[in-house]
Amino acid sequence: APQGLRIDRQNRLWVIDHGDHARQTPTLTAIDLERQTVVHRFEFDSEIAPWGSYLQDLVIDPSDGMVFIADVSFFRRSPALIIYNPKTQRARRFLENDESVLPENYKIYTPSGPMDRFGGLITMKVGVDSIGIDDRGEWLYYGAMNHRTLYRIRTADVKQGLPEVDLRANRQAYAAKPQSDGITLDQNGAIYLTDIEHGAIAVISPDRRLSTLLRSPKLRWPDGFSFGPGGYLYIADSDIPDLVMTSREQVRRAAPYYLFRIKLDVPAVPGH
């Protein structure tokens, strides 16, 4: 069940597999894209990825290759962040159930309607999902899908192994954000987020101002995205309203599902 994809600066594709909500073993795999061979693989134990966890997105620290992972924790409802060191093959779970990773009490509304099912018995309220890192690997940015605020924490604080109480004290509310899914940053320090309620891409400028970059009815649920070569930002539209807890017939009716791109011509590392 692969979910998140990132390419590091050694041209390796990192893939996070949540193991069907950890009912199977969640894994992290790195593939050398030039040689097309698996060069790293790690299996997460139940201490780091307990049953009901959902390791769904990741970023690679450009300074040292550390991997940061977001656990949305759909079923367990104990969202957290994870740091993994490929050199030592050790992982740490942190900020579990902190205010900054928990969803606020918002219902998501999309052009297809509210994100609830069975007459409102199940409502989609999602913890930490958006995760990004700056070009120097200094700050990790993150936020719950159902949350009005984007947070950040110094990567050095996590790498140094500061106690949990200190990590909670040091994390910062950075800027206002929409209800978001994917996130990425350019080399100017601008932060791009998918705005799932409005079929839009939002951007937080380096001075922390939130604005809408683009909006289109073609974007049914803009999900993850990444910069590619040639100044393009690529957007994966997962169209979750037509997929989650729906019939196979509805999934087929909603097809095809798209990748989009927009030319921004801003300095950015492909794969970031």
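Residues numbered from 1 in each chain as written. Predicted model: local features only at pLDDT ≥ 70, side-chain atom pairs only at ≥ 80, totals over all residues. Heavy atoms only, no water.

Explanation requested: the overall build of the protein chain in the structure shown.
The helix and strand tally for the protein chain stands at four helices and 23 strands. In summary, the protein chain has a C-alpha radius of gyration of 18 Å against a globular reference of 19 Å for 272 residues, a match within 12%. Judged by the C-alpha coordinates and their principal axes, the protein chain covers about 45 × 40 × 40 Å. When each of the 272 residues of the protein chain is scored for burial, the buried share is 54%. The long-range fraction of contacts in the protein chain, counting pairs at least 24 apart against all pairs at least 6 apart in sequence, stands at 49%. Here the protein chain displays about 12700 Å² of accessible surface, and carbon together with sulfur accounts for 50% of that area. Seen as two clouds, the 33 positive and the 35 negative side-chain charges of the protein chain have centres 2 Å apart. (Helix = DSSP H or I, 4+ residues; strand = E, 2+ residues; numbered from the N terminus. Rg over C-alpha atoms; globule rule 2.2 N^0.38 Å. Buried < 20%, exposed > 50% of the residue type's maximum accessible area, 1.4 Å probe, protein only. Contact = heavy atoms within 4.5 Å. Areas by Shrake-Rupley, 256 points an atom, 1.4 Å probe, with all protein chains shown as cover. Lys, Arg positive; Asp, Glu negative; His and termini not counted. Charge placed at Lys NZ, Arg CZ, Asp CG, Glu CD.)

What's the story with the packing of aromatic side chains in this structure? I'm lost.
Each aromatic ring pair is described using two quantities: the centre-to-centre distance and the angle formed by the ring planes. With the rule as written, the count across this model stands at nine aromatic pairs. Measuring from ring centre to ring centre gives 5.1 Å for tyrosine 141 and tyrosine 174, while their planes differ by 75 degrees; the resulting arrangement is edge-to-face. Placement of tyrosine 141 in strand S14 (residues 139-144) and of tyrosine 174 in strand S16 (residues 172-176) is noted, with a sequence separation of 33 residues between them. Overall, the relative accessible area of 6% leaves tyrosine 141 in the buried class. When its relative accessible area of 8% is taken as the criterion, tyrosine 174 is described as buried. Where tyrosine 232 meets tyrosine 234, the ring centres are 6.2 Å apart and the plane angle is 55 degrees; that geometry is what we call tilted. The exposure class assigned to tyrosine 234 is partly exposed, which follows from its relative accessible area of 34%. (Phe/Tyr/Trp six-rings, centres within 6.5 Å; stacked < 30°, edge-to-face > 60°.)

When you look at a nonpolar patch on the surface in this model, what are you seeing that I'm missing?
Nonpolar side chains collect at one region of the surface, where Ile122, Leu243, Val244, Met245 and Tyr257 lie side by side and expose about 370 Å² of accessible area between them. With respect to the element layout, leucine 243 can be found in the loop between strand S22 (232-237) and helix H4 (248-254). (Patch = residues over 30% accessible without salt bridge, like charges linked within 9 Å, V, L, I, M, F, W, Y side chains within 5 Å. Salt bridge = Lys/Arg side-chain N within 4 Å of Asp/Glu carboxyl O.)

Purely spatial values, then, with no claim about function.
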